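Topology and contacts: notes
Read off the chains here:
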Amino acid sequence: MEDGFRWRPLRYILIASTFPILVVTILRIHRCWANDAYLDQVSGVWIALANDLLHGVFYRPLSGPLGYGGTRYFPLFFVLYTAFVKLGGNVIVTGHLLSLVSIFGLLAGVYALLRRLGVDKLLAGCSSLLMLCSESTQLALLAIRGDGLPAALVVWGLWMCASPTLAFRKLAAAAVLFTLAFSAKVTAVYALAAAFLYFLISGRRRQAWTLAALSAGGFIIVLGAMIVATHGRVIEIFMASATAGSPLTSILRVPQRFSMYSGVEDLGGFPFIILAAAALVAWPGSFRRDFPPVYFLAALAAMMGIFTTLGADYNHLIDLHAAAVVLLAVWVSRSDGQQALFGLAALSIAALMAVFPAARNLHHGLDTLPRRQEFQAVFEAVGNNPKPILADNPLIPVQAGQAPYVLDPFLFRAFNDRHPSFAKPLWNMLQQKDFSAVVTMVDPESELGATVYREDFFGPGFLKSLLENYKLFRKMNQNYIYLPRQP
């Protein structure tokens, strides 16, 4: 569509459709970083992992002197996080900057990959900004999470594989990038699978097996380093927390979960997935021998696998959104006449539609939550009490200068379901009023709270121990402060 793409009004449409989401994103960053709006329980776990490492503990045991451990997160993000904090950075500011750099790297990677695939500069640039349309990308930018970094590394690894000439050094560089992505998020192996399949299908078997061997070697080095650094306890940790207690029947709910997370939670990114599926059907020639379709299908398969586990959320859609944007931009670039104009119009409309859910959150959604003020209210309620704080969100005890007693209340519940005796030390501490305060994100005395603390966080036994020994001190938007009952 080279000639049509030079049509001047078309440039204005491209720029006009991507500019609003960029503006809304900047406004959301300004508001959400100022009030810590998205520093929820998941961000708290990432911060707590970095806090443990800052004090010399790499993957604390499931149960030990520090309290309870357990995580499904791979280490690269929180290792880098810890390193930057050690250089003198503030814990919260450093986390936000690392998230910002990760997303910037993702956008730059999408642009570079599209240029390598032959997409026009303007279309590639605007398409990279379309990454901001997905709420999964927005979440990775506004919170402190480890999703943006592996997504960026994956795209740069695929950029290396998309080179027209594949010398050994480029395959080695791609393997290093895939290894780094794996060390940040285990499910990033889908990118290696996509590149491997593409090389096989396109008749480059030697490059396929070379890349697979180099990457497998890198994966083994990462796993070996984790095992040695933790004296083997990381094996027990990941075996215990990999599925979070998901039953086999959860596989049957994958379509429902995928539809809910993509079509409801990530409303801005949903049109791009639908358009990518349509482009796949209308792909010129055999899509099996082309890189973007293989990339998109591999990302889709990975997302389906992720949604078989309990606790998986729409944040994982960031990889699928990147694959969809790449597929759509390449399809538009290779199409001719009205088909290209239709595709470009669809992209522009999808970009403009994504502004509405983002703007809604900015004015009426989670963006307005004053978490920073609520955290400060907790510290004022506790005062100088030296006892630890128990909280759904591990960030609260970290901000109070403590190591969280429970690293991840969601995984604590999963372990407790399988081994009821696992939770006894925590129940005993609650009964003995060993915590200066207990801070929950949901009202434990409501019907919703009863469900959340039975099926999601902590598990059966928590509410009884809490309400018998602690009383409500203050109720806020996202935090309920409970202090010990007096004799």
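Conventions and cut-offs
Residues numbered from 1 in each chain as written. Predicted model: local features only at pLDDT ≥ 70, side-chain atom pairs only at ≥ 80, totals over all residues. Heavy atoms only, no water. Pairing = 2+ DSSP bridges. Helix = DSSP H or I, 4+ residues; strand = E, 2+ residues; numbered from the N terminus. Axes fitted to C-alpha atoms, helices over the stretch in contact; angles between N-to-C directions. Expected span 1.5 Å × (residues − 1). Contact = heavy atoms within 4.5 Å. pLDDT = per-residue confidence, 0-100. Buried < 20%, exposed > 50% of the residue type's maximum accessible area, 1.4 Å probe, protein only. Arc of directions from axis to C-beta. Salt bridge = Lys/Arg side-chain N within 4 Å of Asp/Glu carboxyl O.

Turning next to the sheet that holds strand β4 (residues 437–440). Strands belonging to one sheet form pairs held by backbone hydrogen bonds; the direction of such a pair is parallel or antiparallel. Spatially, four strands are ordered β3-β4-β6-β5 in an open sheet, and the strand pairing comes out mixed. Each edge of the sheet is formed by a strand with only one pairing partner; in this case those strands are β3 (389–391) and β5 (470–475). Direction aside, the axes of adjacent strands within the sheet are offset by 25 degrees on average. Note: β4 against strand β6 (residues 480–484), three bridges, orientation antiparallel. The partner of T440 across the bridge, within β6, is Y480.

Because the α-helix completes a turn every 3.6 residues, residues three or four places apart line up on one side. End to end, helix α9 (residues 168–184) covers 24 Å across 17 residues, agreeing with the expected 24 Å (1.5 Å per residue, within 8%). The inward-facing, buried residues of α9 abut α3 (41–54), α4 (76–86), α8 (148–161), α10 (189–201) and α11 (205–229).

This prediction gives the protein a mean pLDDT of 90; 96% of its residues lie at or above 70. Here helix α1 (residues 2–5) stands out as the element of the protein with the lowest mean pLDDT, 48, in contrast to α8, whose mean of 97 is the highest.

Take the environment of P292 next. Mapped onto the elements of the fold, P292 is located in helix α15 (residues 291–306). A residue is classified by how much of its surface remains accessible, and P292, at 0% relative accessible area, is buried. Separated by 37 residues in the primary sequence, P292 and A329 place their C-alpha atoms 9.6 Å from one another. Excluding residues within four positions of it along the chain, P292 makes contact with L117, W283, V326, L327 and V330.

As a further point, take helix α21 (residues 424–431). Here α21 has its buried residues at L426, W427, M429 and L430. Buried positions in α21, seen along its axis, are confined to an arc of 160 degrees and lie on one side of it. For α21, the secondary structure elements touched by its buried residues are β2 (67–68), β3, α20 (409–418), β4, α23 (462–469) and β5. Taken from the residues just after α21, K433 is the one with a positive phi, measuring 55 degrees.

Bringing the pattern of salt bridges into the picture now. Going through the model one piece at a time under the given rule, you end up with 11 salt bridges. Note that R372 and D36 form a salt bridge whose closest N and O atoms lie 3.1 Å from each other. Of this pair, R372 sits in helix α18 (residues 371–382) while D36 is found in the loop between α2 (8–35) and α3, placing the two residues 336 residues apart along the sequence. According to the relative accessible area criterion, D36 is buried, its value standing at 2%. One salt bridge connects K185 with D319, and the closest N-O pair in it is separated by 3.9 Å.

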